[in-house]
Amino acid sequence: KDYFLSETASKSLIFLVYYDDQSEYANDLHFSYFYQLISSWKMQLLFILGLLLLYELTIRFIFYYDRIRFTDLFSYNRYTKTMLRQAIKHHQFVNYYQPIINIQTGAVLGFEALCRWNTRGKSLAPAMFMDEILHYQLGQKLDENGFLLMRRDRERMLRYPEFADTFISINCCQQTFNSLIKDPPTTIIRLTEEEKEYVVLELVEDIIFNQATQNRISELYSHNILFAIDDFGTGNSNIAFIRHLENLKVKIDRTFVPVDPSDLKERIIIEAFVKMFIDQGMRLIVEGVETREQCEYMKSLGISGVQGFYFSKPMTIDQLIDFVRKKEYLDRL
């Protein structure tokens, strides 16, 4: 047929917008290549999938280009399960240690083993990956990795008399706790009688503190396994739970440490906490002490165990040995 397009096609390229069924060019548009593209549902679907693929590639590019900033901006599902499993397998997770000081006597009571992820030349704190670890049910594998590293580091500590009579506390998540109470335990965290003298398992905030947990802890007490409640006052921890447990270390979360010891309202809270624990006969450790004023205030309350940046940030095993042997913490008492 002799249409308008056939007369001009050899001289110019024409784009028609089909906006009216009654247009004199409506029939010609039905035969155009552009119309066939936009009218096909298959092409529309491919176009949408292409946009989604472009979005995914853009996000992944941002993630690999600046992982730390990406982690801060996108807090959900920051790492894949495969990535974390491989990191554990290849020992990218290491232990750092933060000392716990007896501010009444000046002695070192013990150390908390804190996990760090060494990746791409940077050391990431637990806040940067722990949500994903627990979400993917990898907590037990991470705890076991930290336990094996702690066992190796303890051998180095015992070469020096300054580390005698000190303890090491290490995290124990719900998955590890459940594996520990089975008979036989389905975890490699099986303490020898010697290790029971210095290893304290810290129950982290994902532990469900109920009657069953209390009964299980009491049963493990009979096997001389020691526990501590980490970050008390956050997560699922509660006062009713600890009232029925003896020989339990309680670590008060940093959010309950008064920023300004002269603030009466903050003092009332911490003093009520301290009195409650002392009356219950609990062994108390206060976390998050960062200033001399806070340290002196804790000392005036009769608290012994203190942990925080005021004495030291978490250190590698080499740094810890130098710190303890040189007694660098005494200058801050």
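For the structure given in this document, a descriptive report is provided here. (Residues numbered from 1 in each chain as written. Predicted model: local features only at pLDDT ≥ 70, side-chain atom pairs only at ≥ 80, totals over all residues. Heavy atoms only, no water.)

**Quick word on the packing of helix α8 (residues 139–157) against helix α14 (residues 317–326)**
Under the convention used in this document: Only the contacting stretch of a helix is used when fitting its axis, a line to C-alpha atoms as for every element, and angles between N-to-C directions run 0 to 180 degrees. Elements are defined by DSSP. Helices are runs of H or I of four residues or more, strands are runs of E of two residues or more, and each kind is numbered from the N terminus. A crossing counts as left-handed when the near helix is turned anticlockwise from the far one by less than a right angle, and as right-handed when that turn is clockwise. A contact between two residues is defined here by any heavy atoms of the two lying within 4.5 Å. Put simply, Ala, Val, Leu, Ile, Met, Phe, Trp, Tyr, Cys and Pro go in the nonpolar bin, Asp, Glu, Lys and Arg in the charged bin, and everything else, Gly too, in the polar bin.
Contact geometry for α8 and α14: axes closest at 11 Å, N-to-C directions at 30°. Here α8 and α14 pass one another in a crossing that is right-handed. Facing D153, R156 and M157 of α8, the residues of α14 in contact are I317, D318, L320 and I321. Per-class residue counts for the contact of α8 with α14 are four nonpolar, no polar and three charged.

**Focus: the pairing of strand β7 (residues 249–252)**
Condition: When accessible area is computed with a 1.4 Å probe and restricted to protein chains, residues below 20% of their type maximum are described as buried, those above 50% as exposed, and intermediate ones as partly exposed. We treat two strands as partners when DSSP finds at least two bridges between them. Convention used here: a crossover is right-handed provided that the path from the first strand, over the helix, to the second strand proceeds clockwise when the strands point away from the viewer.
Residues K249 and K251 of β7 are buried on one face, and the alternating residues V250 and I252, pointing to the opposite face, are buried as well. Where β7 lies against strand β8 (residues 283–287), four bridges are found, and the strand directions are parallel. Opposite I252, over in β8, you have V286 as the bridge partner. In terms of handedness, the path from β7 via helix α12 (residues 264–279) over to β8 forms a crossover that is right-handed.

**A closer look at a positive patch on the surface**
For clarity, the threshold we go by: Patches were defined on residues exceeding 30% relative accessible area and lacking a salt bridge, with like-charge contacts within 9 Å and nonpolar side-chain contacts (Val, Leu, Ile, Met, Phe, Trp, Tyr) within 5 Å. Throughout, the Shrake-Rupley method with a 1.4 Å probe supplies accessible areas, and for residues the shown protein chains are the sole cover considered. By definition, a salt bridge exists where a carboxyl oxygen of Asp or Glu is found within 4 Å of a side-chain nitrogen of Lys or Arg. The sign given to each residue is positive for Lys and Arg and negative for Asp and Glu; His and the chain ends receive no count. Think of each charge as sitting on NZ of Lys, CZ of Arg, CG of Asp or CD of Glu.
A cluster of basic side chains, namely K81, R85, K89 and K141, defines a positive patch on the protein surface. The dominant element in the positive patch, judged by the number of residues it contributes, is helix α6 (residues 81–89), at three residues. Structurally, the position occupied by K89 is in helix α6. Relative accessible area serves as the criterion here: at 58%, K89 is assigned to the exposed category.

**So, the environment of C115**
Among the secondary structure elements, C115 is positioned in strand β2 (residues 108–119). The buried category is assigned to C115, whose relative accessible area is 15%. Remark: the alpha-carbon pair of C115 and A125, spanning ten residues in sequence, is separated by 7.1 Å. When sequence neighbours within four positions are dropped, the list of residues in contact with C115 reads F93, V94, L124, P126, F129 and L142.

**Here we look at the nonpolar core**
How we decide: To define a nonpolar core, start from buried Ala, Val, Leu, Ile, Met, Phe, Trp, Tyr and Cys residues and group those joined through side-chain atoms within 4.5 Å.
Counting residues in hydrophobic clusters, the biggest one holds 55 residues, and the most contacted among them are Y97, F111, F227, M298 and L320. Ranked by size, the runner-up nonpolar core spans 14 residues in total, among them A87, I88, F93 and W117.

**Let's talk about the pattern of salt bridges**
According to the stated counting rule, one finds nine salt bridges in the structure shown. A salt bridge links D318 to R156; the shortest N-O distance between them is 2.7 Å. Remark: R156 occurs in helix α8 and D318 occurs in helix α14; sequence separation between them is 162 residues. Taking the shortest distance from any N to any O, the salt bridge between K251 and E202 comes out at 2.8 Å. You can see K251 sitting in strand β7 and its partner E202 sitting in strand β5 (residues 199–203), a full 49 residues away along the chain. Note on accessibility: K251 and E202 belong to one class, buried. The structure contains a network of salt bridges with shared partners spanning E112, E202, K251 and E287.

**Here we look at a negative patch on the surface**
A contiguous patch of negative charge, built from D260, D263, E293 and E296, is present on the exposed surface. By relative accessible area, D260 is classed as partly exposed at 37%.

**Notes on the packing of aromatic side chains**
To keep things clear, this is the line we draw: Only centres within 6.5 Å qualify two rings of Phe, Tyr or Trp (six-membered ring in Trp) as a pair; their planes then separate them into stacked at under 30 degrees, edge-to-face at over 60, and tilted for everything else. Throughout this description, the term charge over a ring refers to an Arg CZ or Lys NZ atom that lies within 6 Å of the ring centre and within 35 degrees of the ring normal.
Counted according to the given criterion, the structure contains eight aromatic pairs. Taking 5.5 Å as the distance between ring centres and 40° as the angle between the ring planes, the aromatic pair formed by F111 and F163 counts as tilted. Of this pair, F111 sits in strand β2 while F163 is found in the loop between α8 and β4 (167–172), placing the two residues 52 residues apart along the sequence. Assessed through its relative accessible area of 0%, F111 is described here as buried. We classify F163 as buried; its relative accessible area is 0%. With centroids separated by 6.0 Å and ring planes inclined at 90°, the aromatic side chains of W117 and F129 adopt a geometry described as edge-to-face. Taken as a pair, W117 in strand β2 and F129 in the loop between β3 (122–124) and α7 (130–135) lie far apart in primary sequence, twelve residues in all. For the pair W117 and F129, a shared accessibility class is recorded, and that class is buried. Here a set of aromatic residues connected by ring pairs shows up, and it is made of Y79, F93, W117 and F129. Above the plane of the ring of Y96 lies R116, whose end atom (NZ or CZ) is 5.9 Å from the centre.

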